Protein chains: 4
Amino acid sequence: MADLLARVEDRMLAERLVATRSLTEDLAGPLSAEDQTVQSMPDVSPTKWHRAHTSWFFETFLLVPGLAGYRQFHPDYGYLFNSYYQAVGAQYPRQERGLVSRPGIQEITDYRVHVDRAMGSLLERRLDDPTASLVELGIQHEQQHQELLLMDIKHVLSRNPMLPAYDRIELSPPSVPGSTTWTSHPGGICLLGHEGQGFGFDNEFPRHRVYVEPFALADRPVTCGEWLAFLEDGGYRRPELWLSDGWATVRTEGWECPLYWSRADGAWREFTLGGPIPLNPAQPVCHLSYYEADAFARWAGNRLPTEAEWEVAAAGRPAGGNLLDRSVLHPSPVAVSAADASPFGDVWQWTSSAYSPYPGFEIPAGAVGEYNGKFMVNQYVLRGGSCVTPPDHIRTSYRNFFPASARWVFAGLRLARDA
Amino acid sequence: MADLLARVEDRMLAERLVATRSLTEDLAGPLSAEDQTVQSMPDVSPTKWHRAHTSWFFETFLLVPGLAGYRQFHPDYGYLFNSYYQAVGAQYPRQERGLVSRPGIQEITDYRVHVDRAMGSLLERRLDDPTASLVELGIQHEQQHQELLLMDIKHVLSRNPMLPAYDRIELSPPSVPGSTTWTSHPGGICLLGHEGQGFGFDNEFPRHRVYVEPFALADRPVTCGEWLAFLEDGGYRRPELWLSDGWATVRTEGWECPLYWSRADGAWREFTLGGPIPLNPAQPVCHLSYYEADAFARWAGNRLPTEAEWEVAAAGRPAGGNLLDRSVLHPSPVAVSAADASPFGDVWQWTSSAYSPYPGFEIPAGAVGEYNGKFMVNQYVLRGGSCVTPPDHIRTSYRNFFPASARWVFAGLRLARDA
Amino acid sequence: MADLLARVEDRMLAERLVATRSLTEDLAGPLSAEDQTVQSMPDVSPTKWHRAHTSWFFETFLLVPGLAGYRQFHPDYGYLFNSYYQAVGAQYPRQERGLVSRPGIQEITDYRVHVDRAMGSLLERRLDDPTASLVELGIQHEQQHQELLLMDIKHVLSRNPMLPAYDRIELSPPSVPGSTTWTSHPGGICLLGHEGQGFGFDNEFPRHRVYVEPFALADRPVTCGEWLAFLEDGGYRRPELWLSDGWATVRTEGWECPLYWSRADGAWREFTLGGPIPLNPAQPVCHLSYYEADAFARWAGNRLPTEAEWEVAAAGRPAGGNLLDRSVLHPSPVAVSAADASPFGDVWQWTSSAYSPYPGFEIPAGAVGEYNGKFMVNQYVLRGGSCVTPPDHIRTSYRNFFPASARWVFAGLRLARDA
Amino acid sequence: MADLLARVEDRMLAERLVATRSLTEDLAGPLSAEDQTVQSMPDVSPTKWHRAHTSWFFETFLLVPGLAGYRQFHPDYGYLFNSYYQAVGAQYPRQERGLVSRPGIQEITDYRVHVDRAMGSLLERRLDDPTASLVELGIQHEQQHQELLLMDIKHVLSRNPMLPAYDRIELSPPSVPGSTTWTSHPGGICLLGHEGQGFGFDNEFPRHRVYVEPFALADRPVTCGEWLAFLEDGGYRRPELWLSDGWATVRTEGWECPLYWSRADGAWREFTLGGPIPLNPAQPVCHLSYYEADAFARWAGNRLPTEAEWEVAAAGRPAGGNLLDRSVLHPSPVAVSAADASPFGDVWQWTSSAYSPYPGFEIPAGAVGEYNGKFMVNQYVLRGGSCVTPPDHIRTSYRNFFPASARWVFAGLRLARDA
């Protein structure tokens with residue numbers, strides 16, 4: 001019986017693997033060979049690199065060590081498609097990924113097929129625990145890259161003066177949201193971190209106690225309309241609203257609005273995966289840096305939530321809302337009444353919490369131990385997922401993280417205040 | 001009676017002001033006009049700038065608004081010597097402070113005398129509360145700049161190939177410290193932040209509850225001898241020991257040892273305020289970045305403490321140890337038995353805590369509200385003071401902060417671990 | 001009769017146009033969509049950009065003004081594919097050409113067909129003189145870009161760690177050249193510049209007198225074997241051999257050998273359009289900066305020729321040698337006896353002459369006046385053409401020019417000395 | 001008799017040395033220790049560095065090799081004050097000269113006295129020829145640094161927001177110059193270079209023939225008033241007037257007027273060694289880059305002269321005009337009639353000639369061979385001297401040279417045209 005159950009689990013894992021691998025290819029579908037080659041800034045990777053790197057992950061951590069007789073697809077791919085795993089060898093420099101025209105997309109498609117077939121063989125067997133865990137990690141890893149792929153190609157296309165679309169997207173009609181309502185929480189000693197059922201990244205563990213003061217959290221994210229009010233009130237010109245680093249960045253970079261916003265003939269528009277569209281005031285504002293989110297909160301007389309506050313408030317809520325499965329690929333307008341709105345989807349929400357290890361955090365053994373811990377400095381935590389996050393990838397305890405200046409993430413904010 | 005007490009307090013404040021102002025001049029005493037003019041990197045300010053800026057603080061926040069008939073010393077000084085207070089006007093660019101040869105040190109001495117005389121007049125009167133608080137803040141501010149002045153001039157002199165000394169310093173004989181001993185703490189709900197008696201910066205408030213897991217803290221800082229063992233074990237060449245940002249910095253900057261260390265003819269030496277000296281293995285290692293402190297802790301199988309852990313462990317301990325009043329100007333060798341060692345002095349201790357506002361933190365009204373809050377991003381907290389920190393400036397709840405890459409601070413580390 | 005002659009000339013021009021346009025497509029033939037998209041440094045343009053820009057030239061300067069009813073292929077191409085002609089509008093930034101994935105290579109093929117058809121219509125008519133001159137200029141312009149295309153793709157492929165080949169190339173067997181022989185020239189008042197028959201660029205005019213001292217010129221270029229002797233004699237480590245700017249560049253860039261040379265297991269190899277090959281000592285050394293050419297000449301006790309010396313020595317010699325029509329795509333070994341060697345082909349030869357206007361130089365009227373004059377600063381003249389120069393493009397009076405630090409040109413040197 | 005003559009010559013040389021050394025100290029006289037320490041950009045050296053480096057020159061090339069028993073003043077000065085002579089050892093990095101506070105100005109005064117005394121001893125003896133030539137070279141070298149000292153301190157003071165004066169200067173009253181008149185020259189075979197009498201730098205030799213086409217040269221430099229007309233005609237906003245590199249520099253650097261010009265309340269003023277003054281339209285325009293000079297000439301329908309043209313036109317004219325001995329320290333207004341004006345003084349005149357070796361140029365033996373030859377790339381020749389050039393330093397064949405972007409030179413232009 002346990003055996004049967006295990007076999008069912010193995011089968012489900014195999015099916016999820018196939019579905020995940022297939023979704024990556026679907027996401028790359030609208031993109032030409034040329035599109036898949038370009039790297040528009042050092043943080044961005046070419047689409048074909050994402051497709052290859054996620055395959056390299058399975059090859060390196062599962063097939064080479066675990067499948068007898070496995071033949072590596074190409075001797076140079078270990079170097080070309082290793083992102084940052086020092087333990088398994090040197091890496092081709094990240095900022096030069098856009099210089100590599102070969103292998104082309106056809107070779108990379110072949111590489112994916114080669115890896116998929118071998119993974120099929122591997123998964124025909126009963127899986128011991130470390131193997132199953134690594135397959136799960138590989139799936140989760142590929143899901144992260146699905147979101148990155150869409151973030152990155154949006155940036156690539158935005159640098160093209162012709163502003164081409166990735167795909168058709170359905171536009172929501174402009175609407176008028178109600179004003180923000182707030183939900184209060186009593187705080188006290190709370191439990192933070194992954195509860196133990198289902199997959200979690202190392203950085204979500206261990207579940208541990210924190211002391212939280214009473215607070216209130218807005219029921220919905222800040223909208224484009226509210227952002228316009230901030231902007232028109234001189235938000236980008238008033239140093240007293242900004243962290244010192246933030247203000248320096250505003251001036252160095254010449255920021256005057258969120259990334260992808262532009263103004264022509266008195267009207268604001270926004271570049272999306274569907275090309276440029278008129279700004280919809282009811283939509284959650286998106287593509288903000290931490291600095292901008294923080295400055296807005298100060299201007300509004302509020303603050304950003306801590307990640308503990310966010311997680312406490314979201315406890316028990318299932319992942320839902322405008323995630324990648326809806327194929328909207330853009331934040332949806334907030335509802336007139338947001339009281340029951342899902343805390344998930346639309347835009348990642350910046351928290352005021354620096355990305356740090358939880359008390360008792362342990363780095364997993366082996367090369368995958370490089371997955372999260374070594375990035376725990378100079379980054380801030382985001383919560384909740386976005387319109388380009390796969391729905392079975394996000395959860396209450398999920399910790400995303402980016403530097404305070406990053407703007408190409410689908411990131412916005414929800415306000416908090418002391419209660 | 002209350003009136004008498006208030007007058008005594010005012011008198012004590014006035015005397016502390018005089019003593020503080022006088023100490024700044026004593027610290028600049030060994031430095032020539034040329035020494036006081038140089039800026040060796042953007043983070044460093046010339047000595048004469050520190051002397052002028054601390055005077056500008058009293059002029060701007062106390063004399064101009066509070067002393068009837070006060071005449072500003074020079075119309076351009078408000079621009080030249082404003083550090084970063086946006087609310088009181090524009091600032092001469094920080095990285096260009098070393099380009100300004102005039103005013104020279106004589107004019108700045110005159111400026112200090114002018115301000116001191118006017119402060120004398122102001123302090124002859126009974127002080128209302130905001131005024132007394134601002135005088136206290138001015139004293140504390142000048143004490144911060146006393147430490148900065150010494151950090152900065154050390155860096156300036158270190159860039160001179162002749163490696164000149166700031167002053168004579170007394171060297172301790174080499175000694176052999178005992179191995180590290182540890183003190184355990186049970187954790188639980190603890191109180192963090194300033195208790196309310198005496199001066200505290202805004203960032204130390206409010207006192208608040210935190211939940212702390214059981215932990216142990218080393219009884220003394222890591223020594224140069226221990227650092228050599230790390231170095232000889234390939235510490236600066238092994239990426240697996242480093243945070244990702246840290247490793248990138250090691251490679252970009254070519255770090256192979258702490259700042260101010262160098263090796264010639266097989267022997268290590270260290271540049272100090274007394275010039276180059278042979279490395280003393282018993283001395284606390286100093287001039288580390290956060291990245292280096294973190295890498296060492298990982299190598300040692302331990303970790304950095306959080307600031308809550310540090311403060312809980314130091315609770316109730318008076319400020320003492322090797323601080324500026326001892327005039328050693330360099331860390332002293334650790335004792336053979338460190339069990340009762342002061343948690344203060346010698347070297348600032350990096351904590352793993354990002355510099356963030358305490359729950360309920362409020363920015364003070366007025367221009368001095370820019371003092372701390374706007375720097376609460378991308379920095380890490382250090383605790384405990386150093387051999388160049390004035391003794392009446394440091395306390396258990398004191399939060400110093402610097403970016404993770406800063407090395408010209410007199411900073412080292414104490415190890416922590418889960419209990 | 002004159003009419004007949006004119007019609008024959010028009011027909012020949014039309015045929016040369018077709019052949020030139022066709023050759024560009026042949027040169028792009030071995031390259032994938034991905035290859036044609038990459039820009040490996042700001043000086044390099046993607047292959048597809050060259051294909052589009054050369055078409056834009058005909059569209060902008062001939063079809064739009066001269067062909068009634070001509071429809072521009074795409075409204076944005078004028079911006080995207082203008083290189084530097086300020087007079088005809090703004091330009092997409094040069095260093096961002098590699099960010100533009102769309103139009104893809106199919107659209108650019110369509111663009112070329114569209115322009116070629118319209119040029120066909122235009123050329124069915126009798127051509128007035130300015131039109132015929134502009135067609136000739138367009139052909140010459142496209143020929144320049146044929147060489148640039150090959151230079152650029154070589155650089156692109158060289159940045160790929162897999163070192164892929166552009167195409168198969170035929171390797172010459174290693175051989176041993178004779179030592180350098182010299183030909184002397186008496187100098188005196190000489191005539192420099194284009195003689196007036198056939199096409200010439202504006203910068204070759206007017207033909208004018210110069211006074212030349214007696215000199216001698218080597219009969220063949222410096223070889224890889226001679227370069228190895230320089231290198232092994234510490235050539236890249238001895239500042240006394242270098243111009244001051246050159247030495248600074250050597251140290252900043254870490255130059256230790258010519259571009260595309262590398263050493264593994266004690267053997268030198270060279271990256272070519274056919275991939276990596278063993279170094280052939282008899283081949284002319286290639287991919288040198290002016291600084292390197294100058295340092296070698298000093299080391300050899302000689303000097304670089306002036307452009308006047310080169311032209312005087314080459315006077316009356318027809319273009320020949322290893323040019324693009326031989327399809328070798330790499331310098332060929334020098335012959336045992338070089339006394340009658342062609343001064344053309346293999347490698348461009350750096351001269352010591354700064355690129356300046358000839359006395360009486362006039363900028364042509366109209367937008368094409370931007371062709372040459374505005375680059376006459378901070379560049380040095382090269383003469384003679386290379387293995388990737390179209391044979392009907394080079395001539396005795398031809399002046400190529402690049403900055404002293406450029407290395408991706410197929411450039412070497414011939415030695416000169418006072419006689 | 002010959003012996004007597006030689007002794008008189010030695011005596012005159014000794015007196016010129018004393019006078020030159022003394023003038024350097026006079027020029028530094030108005031400057032404080034702080035002023036003498038600052039380096040405002042990499043091209044600028046601190047005043048005290050100039051004072052030390054010119055002494056180092058005598059110490060290194062004359063005293064150490066030539067004066068028995070000479071004791072070097074300080075073992076580290078050879079490293080600190082070597083500018084670029086690779087043959088005599090390593091150099092402290094140029095861009096860090098402003099970081100060295102010690103030695104201070106008192107030590108450098110002592111150094112000068114030490115060197116002067118030893119030179120006195122050396123010059124008591126009869127001088128052999130190489131020694132006398134080196135003393136002469138040392139004098140000429142120090143004169144070059146006198147001009148550099150004034151150029152550099154002007155830049156240093158200009159970066160101070162208080163715009164302090166170096167010294168009082170006498171202002172000329174505004175006046176109205178006549179329009180430009182021209183003098184024609186027939187050209188032909190001309191002789192260029194030093195005639196052989198008196199001192200000349202290596203780069204002025206050998207005298208040689210050049211062929212010059214007929215030309216005309218303006219009788220006076222371009223004035224500030226004429227520059228205003230260029231500026232008001234959009235001179236800094238019209239790319240068609242500029243060399244491509246020049247236009248790129250205009251945009252990168254944000255140039256809108258010559259260096260040291262500024263506008264407030266509708267009036268132009270200029271920063272001078274006497275502080276800010278109102279712009280005088282009759283003064284020669286000064287502190288131009290080559291790019292600006294070239295753009296103006298194009299706008300005016302003329303061109304810059306070649307250095308051959310300048311020298312041919314100035315042949316036989318004695319050095320005179322507004323040079324350093326007049327102590328004006330600023331260009332003087334041009335006369336109403338300029339027909340007989342001196343070709344020397346006021347402002348260096350940019351020529352269109354790249355700085356290249358004359359045919360037959362030979363690098364002198366020994367370390368002083370590094371004096372000129374190694375800078376013969378990427379620079380343009382200026383002729384005629386300026387208001388801060390010592391009068392016995394300038395001559396008809398004198399070749400000054402700077403990169404095309406340099407603006408802190410006292411440089412303007414005289415127009416030329418084909419005749």
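One numbering rule holds for all chains: residues counted from 1, following each sequence as written. A letter from A marks each chain and a number from 1 marks each ligand, given out in the order of writing. Local features in this predicted model are restricted to residues of pLDDT 70 or higher, and side-chain atom pairs are both shown and tallied only at a pLDDT of 80 or more, whereas totals for entire chains, interfaces and linings draw on every residue. With hydrogens and water set aside, each side-chain value is computed from the structure's full complement of heavy atoms.

J.: Could you clarify how one ought to interpret the pairing of strand S5 (residues 261-264) of chain C in this entry?
T.: All names here are of chain C. As paired strands, S5 and strand S6 (residues 267-272) are joined by four bridges and run antiparallel to one another. By the bridge assignment for S6, Arg263 is matched with Trp268. Connecting the antiparallel pair S5 and S6 is a turn made up of two residues, with Asp265 showing a positive phi of about 55 degrees. If DSSP finds at least two bridges between two strands, the strands pair. Helix and strand labels come from DSSP, where a helix needs a run of H or I of at least four residues and a strand needs a run of E of at least two; each type is numbered from the N terminus.

J.: Would you take a moment to explain helix H6 (residues 224-232) of chain B for this structure?
T.: An α-helical turn contains 3.6 residues, so a residue and the one three or four places further along point in the same direction. All names here are of chain B. The classification of residues rests on relative accessible area computed with a 1.4 Å probe and restricted to protein chains. Under 20% of the type maximum is buried, over 50% is exposed, and intermediate values are partly exposed. Turning to H6, its buried residues number three or more, namely Cys224, Trp227, Leu228, Phe230 and Leu231. The buried residues of H6 all sit within an arc of 160 degrees when viewed along its axis, so they share a single face. Gly234 sits one or two positions beyond H6 and adopts a positive phi of about 85 degrees. Arc definition: it is the arc formed by the directions from the helix axis to the C-beta atoms.

J.: Mind showing me how you'd approach unusual backbone geometry here?
T.: One can expect most non-glycine residues to show negative phi and most peptide bonds to be in trans. Of the consecutive residues Phe205 of chain B and Pro206 of chain B, the connecting peptide bond is found in the cis state with omega at -10 degrees. Tracing the backbone shows Pro206 of chain B in the loop between strand S2 (188-192) and strand S3 (208-212). Of note, the phi angle at Asp265 of chain B is positive, near 55 degrees, even though the residue is not glycine. Secondary-structure assignment places Asp265 of chain B in the loop between strand S5 (261-264) and strand S6 (267-272). Positioned with a positive phi, Ser327 of chain D is a non-glycine residue whose angle comes to about 60 degrees. The exposure class assigned to Ser327 of chain D is exposed, which follows from its relative accessible area of 53%.

J.: Please explain the confidence of the model for chain A as it appears in this structure.
T.: Regions with low pLDDT should not have their predicted coordinates read in detail. A residue's pLDDT is the confidence the predictor assigns to it, expressed on a 0 to 100 scale. With 100% of its residues at a pLDDT of 70 or more, chain A has an overall mean of 95. Scored by ipTM, the complex comes to 0.96, with pTM at 0.96.

J.: When you look at the interface of chain B and chain A in this model, what are you seeing that I'm missing?
T.: How big an interface is tends to be reported as the loss of accessible area on association of its parts. Facing 29 residues of chain B, the contacting portion of chain A comprises 29 residues. Three residues, Tyr211, Val377 and Asn378 of chain B, lead the burial of chain B against chain A; their summed loss comes to 24% of the area buried on that side. Salt bridge criterion: a side-chain nitrogen from Lys or Arg within 4 Å of a carboxyl oxygen from Asp or Glu. The interface formed by chain B and chain A includes zero salt bridges. The term polar contact refers here to a pair of N or O atoms within 3.5 Å; inside protein, the definition further demands a hydrogen-donor-capable atom paired with an acceptor-capable atom, and it admits residues adjacent in sequence only when both atoms are side-chain atoms. Run the count over chain B and chain A and you get 10 residue pairs in polar contact (both at pLDDT 80 or more). Of all the secondary-structure elements, those providing two or more residues to the side of chain B that touches chain A are S3, helix H7 (244-253), helix H8 (290-299) and strand S8 (348-354) of chain B. The element contributing the most residues to the side of chain B that touches chain A is S3 of chain B, with four residues. All amino acids are sorted into three groups, where Ala, Val, Leu, Ile, Met, Phe, Trp, Tyr, Cys and Pro are nonpolar, Asp, Glu, Lys and Arg are charged, and the leftover types, Gly among them, are polar. Residue composition of the side of chain B that touches chain A, by class: 16 nonpolar, eight polar and five charged. Note on contacts: a residue pair is in contact if any heavy atoms of the two residues lie within 4.5 Å. By buried area we mean the combined loss of accessible area, with a 1.4 Å probe, across both parts when two parts are placed together.

J.: Looking at this structure, how should I read the relation of the copies chain B and chain A?
T.: Two chain copies here: they are related by a rotation about an axis and a translation along the same axis. With an RMSD of 0.0 Å, the operation that places chain B on chain A is a rotation of 180 degrees combined with a shift of 0.0 Å along the axis. When the rotation and shift are considered jointly, the pair of chain copies conforms to a two-fold rotation axis. When the interface residues of chain B are mapped onto chain A, 100% of them are again interface residues, pointing to one common binding face. All copies are superposed by least squares; the fitting set is the C-alpha atoms of residues with a pLDDT of at least 70 in both.

J.: Quick question: what am I supposed to make of the sheet that holds strand S1 (residues 182-185) of chain B here?
T.: Whenever strands of a sheet pair, they do so through backbone hydrogen bonds, lying parallel or antiparallel. Residue and element names in this part refer to chain B. With antiparallel pairing, three strands are arranged side by side in an open sheet as S1-S4-S12. This sheet does not close on itself; its edge strands, each paired only once, are S1 and strand S12 (416-418). The average undirected angle you get between the axes of adjacent strands in this sheet is 25 degrees. Two elements, strand S4 (residues 215-218) and S12, share three bridges in a ladder whose sense is antiparallel. In this analysis, axes come from line fits to C-alpha atoms, helices being fitted only over the stretch in contact, and the angle between any two N-to-C directions falls in the range 0 to 180 degrees.

J.: Looking at this structure, I do not really get the relation of the copies chain C and chain A. What am I missing?
T.: Mapping chain C onto chain A leaves a residual RMSD of 0.0 Å; the transformation is a rotation of 180 degrees accompanied by 0.0 Å of translation along its axis. A share of 100% of the interface residues of chain C reappears at the interface of chain A, consistent with the copies meeting face to face through the same patch.

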